[in-house]
Number of protein chains: 2
Amino acid sequence: MQTLKPVIHHVLFWLKNPKSQADVDRLIAGLKTLEKIETIKKMHIGIPASTEKRDVVDNSYSVSELMFFDDLAGQKYYQDHPVHKEFINSCSHLWEKVVVYDMIDV
Amino acid sequence: MQTLKPVIHHVLFWLKNPKSQADVDRLIAGLKTLEKIETIKKMHIGIPASTEKRDVVDNSYSVSELMFFDDLAGQKYYQDHPVHKEFINSCSHLWEKVVVYDMIDV
């Protein structure tokens, strides 16, 4: 049996109006709709933690989405899923920048 | 009972010699030493996944370290732990840039 090496998908969102709690809440509500996509094995929606401020720590984003998939096919299924596309349609006006990191366990 | 809201610590490493597999392996070996720090509840060491290339996807880093802690105190304990400091001493010559994102679940 192969050891499962999950694909981890991390998206950081920088909002156009980062001080608007309503916009933060709208984005979080939008992200929660993604949970129904079957290939997402685990999902964490987060905001910056109040860890120690250090030069290397970037806490300038507003919202973080962290997802675990079993494999690349699962991530691709999510990427193309109508629920994901609907999320982008309804929420993309909120953000000015998105950065994505996709990892596979070594 | 309070719902546990984990603190997630994500570190991306850009190496001075990203094409050196030996340096990548050295960094991964160093990261594996961190696993013994008790407050790390879960840890994923990863490399860029071969997901679809898109403008928003940053796959320029070499190695990713993703850790889960139960709380901020656990993350602070890790940050100050001698094993973590020894890792920095022995591996920091390998990297030219580090970016850290610390999240707490909403």
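Residues numbered from 1 in each chain as written. Chains lettered and ligands numbered in written order. Predicted model: local features only at pLDDT ≥ 70, side-chain atom pairs only at ≥ 80, totals over all residues. Heavy atoms only, no water.

The name given to chain A in an unreviewed UniProt entry is Dabb family protein, with the source organism recorded as Hufsiella arboris.

## With respect to empty space enclosed by the protein
Taken as a whole and judged by the stated rule, the model has one cavity of 30 Å³ or more. Partitioned by chemical class, the residues of the lining of the largest cavity number one nonpolar, three polar and three charged. (1 Å grid on protein atoms, 1.4 Å probe; cavity = no way out; pocket = protein on both sides within 12 Å on 5 of 7 lines; lining within 4 Å. Points joined across faces, edges and corners; volume = space filled by probe spheres on them. Nonpolar A, V, L, I, M, F, W, Y, C, P; charged D, E, K, R; others polar.)

## Some thoughts on the pairing of strand S3 (residues 63-69) of chain B
A regular strand carries its side chains on alternate faces of the sheet. All names here are of chain B. Of all seven residues making up S3, seven are buried, and the element is well covered by its neighbours. Residues Val63, Glu65, Met67 and Phe69 line one face of S3 and the alternating positions Ser64, Leu66 and Phe68 line the opposite face, and both faces are buried. Here strand S1 (residues 7-15) pairs with S3 via seven bridges, running antiparallel. Opposite Phe13, over in S3, you have Val63 as the bridge partner. Pairing geometry for strand S2 (residues 42-48) and S3, over five bridges, is antiparallel. Considered in S3, the bridge of Ile45 is made with Glu65. (Buried < 20%, exposed > 50% of the residue type's maximum accessible area, 1.4 Å probe, protein only. Helix = DSSP H or I, 4+ residues; strand = E, 2+ residues; numbered from the N terminus. Pairing = 2+ DSSP bridges.)

## Here's the deal with the sheet that holds S2(B)
The strand order around the closed barrel built from eight strands is S1(A)-S3(A)-S2(A)-S4(B)-S1(B)-S3(B)-S2(B)-S4(A), with neighbouring strands paired in antiparallel fashion. Each strand axis lies, on average, 30 degrees off the axis of its neighbour in the sheet, ignoring direction. When strand S1 (residues 7-15) of chain A meets strand S4 (residues 95-105) of chain A, the two strands line up antiparallel, connected through nine bridges. Across the sheet, A:Phe13 pairs through a bridge with A:Val98, a residue of S4(A). (Axes fitted to C-alpha atoms, helices over the stretch in contact; angles between N-to-C directions.)

## Topic: the UniProt feature "domain: Stress-response A/B barrel" (unreviewed entry) in chain A
As recorded in UniProt, the feature "domain: Stress-response A/B barrel" (unreviewed entry) lies at residues 7-103 of chain A. As a span, residues 7-103 of chain A carries 33% helix and 33% strand, and end to end its C-alpha atoms are 6 Å apart. (UniProt positions renumbered as here; feature names shortened; annotations may be inferred.)

## Thoughts on the interface of chain A and chain B
Contacts between chain A and chain B engage 39 residues on the former and 39 residues on the latter. Buried area between chain A and chain B, both sides added, is near 3300 Å², and the carbon and sulfur share of it is 61%. Sorting the residues of chain A by area buried against chain B places A:Tyr101, A:Asp102 and A:Val106 first, and these three jointly supply 19% of that buried surface. Our enumeration of links across chain A and chain B arrives at two salt bridges. For B:Lys76, the salt bridge is made with A:Glu52, and the minimal N-O distance between the two is 3.5 Å. (Contact = heavy atoms within 4.5 Å. Buried area = accessible area lost by both parts, 1.4 Å probe. Salt bridge = Lys/Arg side-chain N within 4 Å of Asp/Glu carboxyl O.)

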